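Now for the letters of each chain:
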Amino acid sequence: MENAPKTSGLPASSGLLGEIRQLIHGARQRAASAVNSELTLLYWRVGQRIHSEILVGDRAEYGKEVVASLAVSLVREYGRGFTEKNLRRMIQFAETFPDEQIVVSLVRQLSWTHFIALIPLKKPLQREFYARMCVAEGWSVRTLRERIDSMLYERTALSRKPEEMIGEELSALQETERMSPALLMRDPYVLDFLGLHDTWQEKDLEAAIIREMESFLLELGAGFSFLARQKRIQLDDEDFYLDLLFYNRKLRRLVAIELKVGEFKAAYKGQMELYLRWLDKFEREPGEEPPLGIILCTGKKTEQIELLELDRAGIHVAEYLTELPPRELLAERLHLASSRARQQVAQFDSNSTE
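Predicted model, so just to flag it, every value in this text is computed and none were measured.

Here is what the cut-offs are and how they apply
- Residues numbered from 1 in each chain as written.
- Predicted model: local features only at pLDDT ≥ 70, side-chain atom pairs only at ≥ 80, totals over all residues.
- Heavy atoms only, no water.
- Helix = DSSP H or I, 4+ residues; strand = E, 2+ residues; numbered from the N terminus.
- Rg over C-alpha atoms; globule rule 2.2 N^0.38 Å.
- Contact = heavy atoms within 4.5 Å.
- Areas by Shrake-Rupley, 256 points an atom, 1.4 Å probe, with all protein chains shown as cover.
- Lys, Arg positive; Asp, Glu negative; His and termini not counted.
- Charge placed at Lys NZ, Arg CZ, Asp CG, Glu CD.
- Phe/Tyr/Trp six-rings, centres within 6.5 Å; stacked < 30°, edge-to-face > 60°.
- Buried < 20%, exposed > 50% of the residue type's maximum accessible area, 1.4 Å probe, protein only.
- Pairing = 2+ DSSP bridges.
- Salt bridge = Lys/Arg side-chain N within 4 Å of Asp/Glu carboxyl O.
- Core = buried A, V, L, I, M, F, W, Y, C linked by side-chain atoms within 4.5 Å.

Draft legend 1. Summary view of the overall build of the chain. Counting secondary structure elements, the chain contains 15 helices and six strands. Relative to the globule expectation of 20 Å for 354 residues, the C-alpha radius of gyration of the chain, 26 Å, shows a markedly less compact shape. Overall size of the chain, expressed as C-alpha extent along the three principal axes, is 80 × 80 × 45 Å. Put simply, of all contacts in the chain between residues at least 6 apart along the chain, 62% involve residues at least 24 apart. For the chain, the accessible area works out to roughly 20,600 Å², and carbon and sulfur atoms hold 51% of it. The distance from the centre of the 48 positive side-chain charges to the centre of the 55 negative ones in the chain is 5 Å.

Draft legend 2. Structural detail: the packing of aromatic side chains. One pass over the full model with this rule turns up 14 aromatic pairs. Ring centres of Phe216 and Phe246 lie 5.9 Å apart, and the angle between their planes is 45 degrees; on these two criteria the pair is classed as tilted. Residue Phe216 is located in helix α12 (residues 213-220), and its partner Phe246 is located in strand β3 (residues 238-248); the two are separated by 30 residues in the primary sequence. Residue Phe216 is classed as buried on the basis of its relative accessible area of 0%. The class of Phe246 is buried, set by a relative accessible area of 0%. Taking 6.3 Å as the distance between ring centres and 85 degrees as the angle between the ring planes, the aromatic pair formed by Phe224 and Phe246 counts as edge-to-face.

Draft legend 3. Spatial organisation of the sheet that holds strand β4 (residues 253-259). Spatial ordering of the open sheet is given by β1-β6-β5-β4-β3-β2, a layout of six strands whose pairing is mixed. Strand pairing shows two members of the sheet lacking a second neighbour, β1 (189-190) and β2 (224-235), which therefore form its edges. Bridge analysis of strand β5 (residues 292-297) against strand β6 (residues 315-321) gives five bridges, and the strand direction is parallel. Its bridge partner being in β6, Leu296 is matched across the sheet by Ala318.

Draft legend 4. Focus on the pattern of salt bridges. As enumerated under the stated definition, the model contains 18 salt bridges in all. Taking the shortest distance from any N to any O, the salt bridge between Glu146 and Arg142 comes out at 3.4 Å. With Glu146 and Arg142 both in helix α7 (residues 141-149), this residue pair falls four residues apart, about one helical turn. The partner of Glu258 in a salt bridge is Lys260, and the shortest N-O contact between them spans 3.4 Å. Lys260 shares its class with Glu258; the two are buried.

Draft legend 5. Geometry of the side chain of Glu219. Looking at the secondary structure, you find Glu219 in helix α12. Glu219 gets classed as buried once you look at its relative accessible area, which sits at 11%. If near-sequence neighbours (up to four positions away) are discounted, Glu219 is found in contact with Arg155, Arg186, Pro188, Tyr189, Val190, Leu191 and Phe193.

Draft legend 6. How the structure looks around the environment of Ala117. Turning to its location among the elements, Ala117 is positioned in helix α5 (residues 112-118). For Ala117, a relative accessible area of 11% corresponds to the buried category. Separated by 13 residues in the primary sequence, Ala117 and Tyr130 have C-alpha atoms spaced 9.8 Å apart. If we skip the residues at most four places from it in the chain, Ala117 touches Leu144, Arg145 and Ile148.

Draft legend 7. Quick peek at the nonpolar core. Tyr130, Phe216 and Ile257 are the most contacted members of the largest nonpolar core, which totals 70 residues. Broken down by element, the residue count for this core peaks at six residues, all from helix α6 (residues 124-137). Core analysis: the second largest hydrophobic core is formed by 19 residues, Ile233, Phe264, Leu276 and Val317 among them.

Draft legend 8. View of the environment of Ser150. Among the structural elements, Ser150 can be located in the loop between α7 and α8 (152-155). Those residues in contact with Ser150 that sit more than four places away from it in its chain are Arg155 and Leu330.

In structure tokens:
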């Protein structure tokens, strides 16, 4: 009897074994992604074809008959993925995303369940924002739903711009994959995870943020890294302390955050400008954009902020909420803020043309 061939007995931690595992995992992921893309595109094409047939019939009852009849045959041949309910989703998919080229560009990163979460959104720009941010930040379906539920789009600075400008910024995100501050800056910030109730001081707020830093970074948005707490700034033999300092790799900027309990005060502008100019002079690296500042308050007076023209100074003032209000109340509040911001832009444009 011949001796069995000897093996080298490579340990599980071998570099060779690790490389082969990576090759296998990578190939499986690419295969799964390709299958997902083809299926999602198939669903769009099925929905588009049925939609075209229904439009030709131009009768609601005719449309119901077509979908029901197709579902019976398709389920029998191809399984439960083509039930009447799912076919109607495919039709909605094609109606909501009528441009096949846009769908082709999105299916490389988004799954069918991503699109199911996007379809109910009524406003095209709102829907495009979530789709583009999904791609840019690699959101899971769960994260996408959480962002929609928290009204992220309505809380961004972007949503308060004229629709033409919103479209331009979203197109720029698609083409250059570069974030703008308007895509990341929010108002209000929802900090319900901090566990603050009744009354607290600034030091309590700061300590809670440090304790829940991971959740705070998620609320800030993509690309933020924590750098320092109580950053010491020395000027003319005086010491100043910046509450929190971050870096955002997508914006390529330092971001200074000041925490306030109470309403915004005009004096906060001078304090933040001092910090930003010091950071620009002593901390900014070659190739980086100028630092940005965020002042978080429990309240703010819009007219003061408008007159101070804080945006021109690279300062964003936002409220923070330690408890998430009912969705209806938050929606009303954000609608009013958006309307006011658009009126301000329209007034500025009117004055500029006079």
